[in-house]
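Structural description and commentary
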Amino acid sequence: MSNSSTPPWKHVWITGASSGLGEHVARALAKRGCIVSITARREEQLAAIAADFDHMFIYPADVTDAEALKLVVAQMEEQHGPVDLTIFGAGASFSSSATELEIGNFAKTLDINVMGVTNALDAVLPHMLARRAGHISWIASVAGYGGLPISPPYGASKAALINMAESMHGKLKQSGVTLSLINPGFVRTPMTDVNTFPMPFLMEPEAAAEKMIAGLRRKKFEITFPWQLVWILKVLNLLPYWLYLPIIRRVI
Ligand SMILES: NC(=O)c1ccc[n+]([C@@H]2O[C@H](COP(=O)([O-])OP(=O)(O)OC[C@H]3O[C@@H](n4cnc5c(N)ncnc54)[C@H](OP(=O)(O)O)[C@@H]3O)[C@@H](O)[C@H]2O)c1
């Protein structure tokens, strides 16, 4: 019997769950009774998180390894039933400046952030399409709305994820699969702990996880927070480039 705090998903698969946003949303969903399967590379971290719950299970893998993810999905569905919801959060940021390009960092960032999501999608989507049911989500970022001077590879990878979600939403919906796009602003996690630039409206990961779950329950297409930063960036991105570029250069 479900009540208002019981989520509509029995089995959730989360990538990037060994720390940060993925870990916090995994914990929040497990506390609500979902079976949660978690993936990332660091097996020890995954095991330590799963040890707090009797219905959280670890499937260590690198999201750049497409074949490994197919195996992971086959195993988790055999062991715990169909995956109802995915949250693809595995991500990384390797920097490069515009004047001293670090090509290897572009390749690594795009491989993990864009191909990592695509590989995970490829592993789970055929199962959902066969059932004509399921809810896919992935984490992009407000940094993908428009170019920001802070990290070209990261911004480009997140813009690609936003564009991919916009492209795929309609066809997936017709096929019975819901797609949600999660665009956080700044959230306190190991990824942002190393940032040296100002992070306006920084959120705590527990609050971010609650926003994600609330938006997923409502099957929203875009789930984004905190609203203050989101709206500033959305409005700036409506401006013509002759206004947008000098403003963004000055404020970030
Ligand atoms: N924090 C923010 O302000 C913010 C804002 C917007 C978007 N995001 C996005 O939110 C997601 C989570 O980031 P976070 O802030 O929570 O950072 P985080 O704590 O560094 O988490 C990143 C997660 O991705 C996993 N990961 C990285 N490379 C991987 C790979 N090749 N294969 C499998 N897993 C991999 C990491 O685990 P392993 O190292 O164990 O593999 C870790 O679990 C990322 O996509 C990030 O871009 C974060």
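Use the structure listed above.
The structure contained in this document is the topic of the report that follows. Treat the numbers as computed from the prediction; the structure is a model and nothing was measured. (Residues numbered from 1 in each chain as written. Predicted model: local features only at pLDDT ≥ 70, side-chain atom pairs only at ≥ 80, totals over all residues. Heavy atoms only, no water.)

1. Structural notes on the overall build of the chain
- Check the secondary structure of the chain and you find nine helices and seven strands.
- A compact globule built from 252 residues should have a C-alpha radius of gyration of about 18 Å, and the chain, at 18 Å, falls within 12% of that.
- Dimensions along the principal axes, computed over C-alpha positions, put the chain at roughly 55 × 35 × 35 Å.
- Burial status across the chain gives 48% buried among its 252 residues.
- Placing the 22 positive and 21 negative side-chain charges of the chain at their respective mean positions leaves the two points 11 Å apart. (Helix = DSSP H or I, 4+ residues; strand = E, 2+ residues; numbered from the N terminus. Rg over C-alpha atoms; globule rule 2.2 N^0.38 Å. Buried < 20%, exposed > 50% of the residue type's maximum accessible area, 1.4 Å probe, protein only. Lys, Arg positive; Asp, Glu negative; His and termini not counted. Charge placed at Lys NZ, Arg CZ, Asp CG, Glu CD.)

2. Some points on the packing of aromatic side chains
- As enumerated under the stated definition, the model contains three aromatic pairs in all.
- Taking NZ or CZ as reference, K108 lies 4.2 Å from the ring centre of F94, over its face. (Phe/Tyr/Trp six-rings, centres within 6.5 Å; stacked < 30°, edge-to-face > 60°. Lys NZ or Arg CZ within 6 Å of the ring centre and 35° of its normal.)

3. Comments concerning the side chain of E222
- Within the secondary structure, E222 sits in strand β7 (residues 222-225).
- A distance of 2.7 Å separates a polar atom in the side chain of E222 from a polar atom in the side chain of N183.
- For E222, the side chain forms a polar contact with the side chain of K234, separated by 2.9 Å. (Polar contact = N/O pair within 3.5 Å; in protein donor to acceptor, adjacent residues only side chain to side chain.)

4. Some words on the site of the ligand
- Inspection of the region around the ligand gives 29 residues, with L21, R41, Y154, V187 and T189 positioned closest.
- In this structure, G89 approaches the ligand through a main-chain N or O atom, which is 3.0 Å from an oxygen atom.
- Within the contact set of the ligand, an oxygen atom lies 2.7 Å away from a backbone nitrogen or oxygen of V187.
- Only α1 (20-31), α5 (152-174) and α6 (190-193) provide two or more residues apiece to the shell around the ligand.
- With three residues, the top contributor of residues to the shell around the ligand is α6.
- Of the residues assigned to the shell around the ligand, the class counts are 15 nonpolar, 10 polar and four charged. (Near = heavy atom within 4 Å. Nonpolar A, V, L, I, M, F, W, Y, C, P; charged D, E, K, R; others polar.)

5. Examining the nonpolar core
- Within the largest apolar cluster, 44 residues are counted, with the highest numbers of intra-cluster contacts made by W13, L69, F88, V124, I136, W138 and L233.
- Among the elements that line this core, the one with the most residues is helix α4 (residues 103-131), at nine residues.
- Grouped together as the second largest cluster of nonpolar side chains are 32 residues, F53, L85, A209 and F225 included. (Core = buried A, V, L, I, M, F, W, Y, C linked by side-chain atoms within 4.5 Å.)

6. With respect to a nonpolar patch on the surface
- A cluster of nonpolar side chains, namely W227, W231 and V235, defines an oily patch on the protein surface of about 390 Å² accessible area.
- Within the secondary structure layout, V235 lies in helix α8 (residues 227-236).
- When its relative accessible area of 47% is taken as the criterion, V235 is described as partly exposed. (Patch = residues over 30% accessible without salt bridge, like charges linked within 9 Å, V, L, I, M, F, W, Y side chains within 5 Å. Areas by Shrake-Rupley, 256 points an atom, 1.4 Å probe, with all protein chains shown as cover. Salt bridge = Lys/Arg side-chain N within 4 Å of Asp/Glu carboxyl O.)

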